[in-house]
Amino acid sequence: MGKTALKVDDVSIRFNLSREKNDSLKEYVIKFLKREIQYDEFWALRNISFELKKGERLGILGLNGAGKSTLLKIIAGVYKPSSGTVERHGKIAPLLELGAGFDPQYTGSENIFLYGSVLGLSRQFLESKYDEIVEFSELQKFIDVPLKNYSSGMKARLGFSIATVVEPDILILDEVLSVGDAKFRKKSERRVMEMFDKGVTVLFVSHSLDQVEMLCDKAMILDHGQMIAYGDTDKVARVYEKKTL
């Protein structure tokens, strides 16, 4: 058997949703101090366990609100689970909300270092890869322009170029194969495929069963935060087709 790349053990996460509408921060603080705030507990994920070997590719299926993106964020370390543990072995490249760590006041160039540090990349590494990032993003003319003047497509291109400059051991994709215009999308798909060919371990959220069948050897179905199927892609695909008919 191959080495374990990722082990998720009995992971659950709970969010507290405030029931009442407070008109001001002051009112909220007073109620909070008096312990008068009431919450509804919302379990976004419950008791999720699975293990991936190095080089396995897992497709995560489910309808909106099933907890797919939440699970990826826990694995990437963005959220801390309320209970359970996640063991990661190797470098992670999370292609989640591309550019979520950008600052609109800073230029594209400054954001390469800012977002790179959010992803855990050293300044030295980013300096060595700077030209490659700019070239791949096709933003040479705009790299010294503040990000607030970028279109959403330009931001996504820059985010994708920074996040994929590492050679990761684990790649986390959230519906990400739709970055920028058609030409850039083809280029980004090629880059992701090159990573696949190098034997990275992949977690891939998609609404498209075809995409999951094409790209993944394992699949999972989440439904209202619970895992209702897990295993080889073809078996899980049959379950998913029945559920979505």
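Everything below is about the structure shown above.
What counts and how
Residues numbered from 1 in each chain as written. Predicted model: local features only at pLDDT ≥ 70, side-chain atom pairs only at ≥ 80, totals over all residues. Heavy atoms only, no water. Core = buried A, V, L, I, M, F, W, Y, C linked by side-chain atoms within 4.5 Å. Buried < 20%, exposed > 50% of the residue type's maximum accessible area, 1.4 Å probe, protein only. Contact = heavy atoms within 4.5 Å. Helix = DSSP H or I, 4+ residues; strand = E, 2+ residues; numbered from the N terminus. Expected span 1.5 Å × (residues − 1). Pairing = 2+ DSSP bridges. Axes fitted to C-alpha atoms, helices over the stretch in contact; angles between N-to-C directions. Salt bridge = Lys/Arg side-chain N within 4 Å of Asp/Glu carboxyl O. Patch = residues over 30% accessible without salt bridge, like charges linked within 9 Å, V, L, I, M, F, W, Y side chains within 5 Å. Areas by Shrake-Rupley, 256 points an atom, 1.4 Å probe, with all protein chains shown as cover. Lys, Arg positive; Asp, Glu negative; His and termini not counted. Charge placed at Lys NZ, Arg CZ, Asp CG, Glu CD. Phe/Tyr/Trp six-rings, centres within 6.5 Å; stacked < 30°, edge-to-face > 60°. Lys NZ or Arg CZ within 6 Å of the ring centre and 35° of its normal.

S.K.: Give me the nonpolar core: which residues, what numbers.
M.R.: Core analysis: the largest hydrophobic core is formed by 44 residues, its most contacted members being Ile112, Leu158, Leu171, Leu173 and Phe196. Non-local contacts of Leu173, meaning those with residues more than four positions away in its chain, are made with Leu72, Leu95, Val192, Phe196, Val202, Leu203, Phe204 and Val205. Ranked by size, the runner-up nonpolar core spans 25 residues in total, among them Ile60, Ile92, Leu203 and Val205.

S.K.: An account of helix H6 (residues 182-197) is requested, with residue identities and associated values reported.
M.R.: In an α-helix, one turn spans 3.6 residues, which is why side chains three or four residues apart end up on the same side. Across its 16 residues, H6 extends 22 Å between first and last C-alpha, which sits within 8% of the 22 Å expected from 1.5 Å per residue. Those residues of H6 that fall on the buried side of the exposure criterion are Phe184, Lys187, Ser188, Arg191, Val192, Met195 and Phe196. On the buried face of H6, the contacting elements are strand E3 (57-61), helix H4 (123-137), helix H5 (152-163), strand E6 (170-174), strand E7 (201-205) and helix H7 (209-215).

S.K.: Can you tell me about the sheet that holds E3, naming the residues and giving the values?
M.R.: As summarised here, the arrangement of the 6 strands in space is E5-E6-E7-E3-E8-E9, forming an open sheet in which the pairing is mixed. Since the sheet does not close on itself, it has two edges, and those belong to strand E5 (92-95) and strand E9 (226-232), each with one partner. The mean angle between the axes of side-by-side strands here comes to 15 degrees, regardless of whether they run parallel or antiparallel. Examined bridge by bridge, E5 and E6 share 4 bridges and lie parallel to one another.

S.K.: For the pattern of salt bridges, give the residues involved together with the corresponding values.
M.R.: Where charged atoms of side chains with opposite charge meet at close range, the side chains can pair. Under the defined criterion, the tally for this structure stands at 9 salt bridges. Residue Glu138 is joined to Lys187 by a salt bridge in which the shortest nitrogen-to-oxygen separation is 2.8 Å. Separated by 49 residues along the polypeptide, Glu138 in the loop between H4 and H5 and Lys187 in helix H6 bring together distant segments of the chain. Notably, a salt bridge pairs Glu167 with Lys198, separated by 3.2 Å at the nearest N-O pair. Note that Glu167 is positioned in the loop between H5 and E6 and Lys198 in the loop between H6 and E7, a separation of 31 residues in sequence. Residue Glu167 shares its accessibility class with Lys198, and that shared class is exposed. Members of the salt-bridge network, linked through shared partners, are Lys129, Glu132 and Arg191.

S.K.: Break down a negative patch on the surface for me, citing the residues and quoting the values.
M.R.: Residues Asp210, Glu213, Asp217, Asp232, Asp234 and Glu241 make up a contiguous surface patch of negative charge. Looking at where Asp232 falls in the secondary structure, it is placed in strand E9. Here Asp232 falls in the partly exposed class, since its relative accessible area comes to 37%.

S.K.: Which residues make up the packing of aromatic side chains, and what values do they have?
M.R.: If you walk through the whole model with that rule in mind, you get 7 aromatic pairs. On the numbers, 5.7 Å between centres and 75 degrees between planes, the contact of Phe15 with Tyr79 is edge-to-face. Remark: Tyr79 occurs in the loop between helix H2 (68-76) and strand E4 (83-88) and Phe15 occurs in strand E1 (residues 4-18); sequence separation between them is 64 residues. By relative accessible area, which is 26% here, Phe15 ends up partly exposed. Taking the relative accessible area as the measure of exposure, Tyr79 reaches 30% and is therefore partly exposed. With a centroid separation of 6.1 Å and an interplanar angle of 25 degrees, the aromatic rings of Phe136 and Phe160 are classed as stacked. Within this pair, whereas Phe136 is found in helix H4, its partner Phe160 is found in helix H5, the two being separated by 24 residues in sequence. The class of Phe136 is buried, set by a relative accessible area of 12%. Arg123 extends its terminal NZ or CZ atom over the ring of Phe113, reaching a point 4.2 Å from the ring centre. In this structure, Arg191 packs its charged tip against the face of Phe136, placed 3.8 Å from the ring centre.

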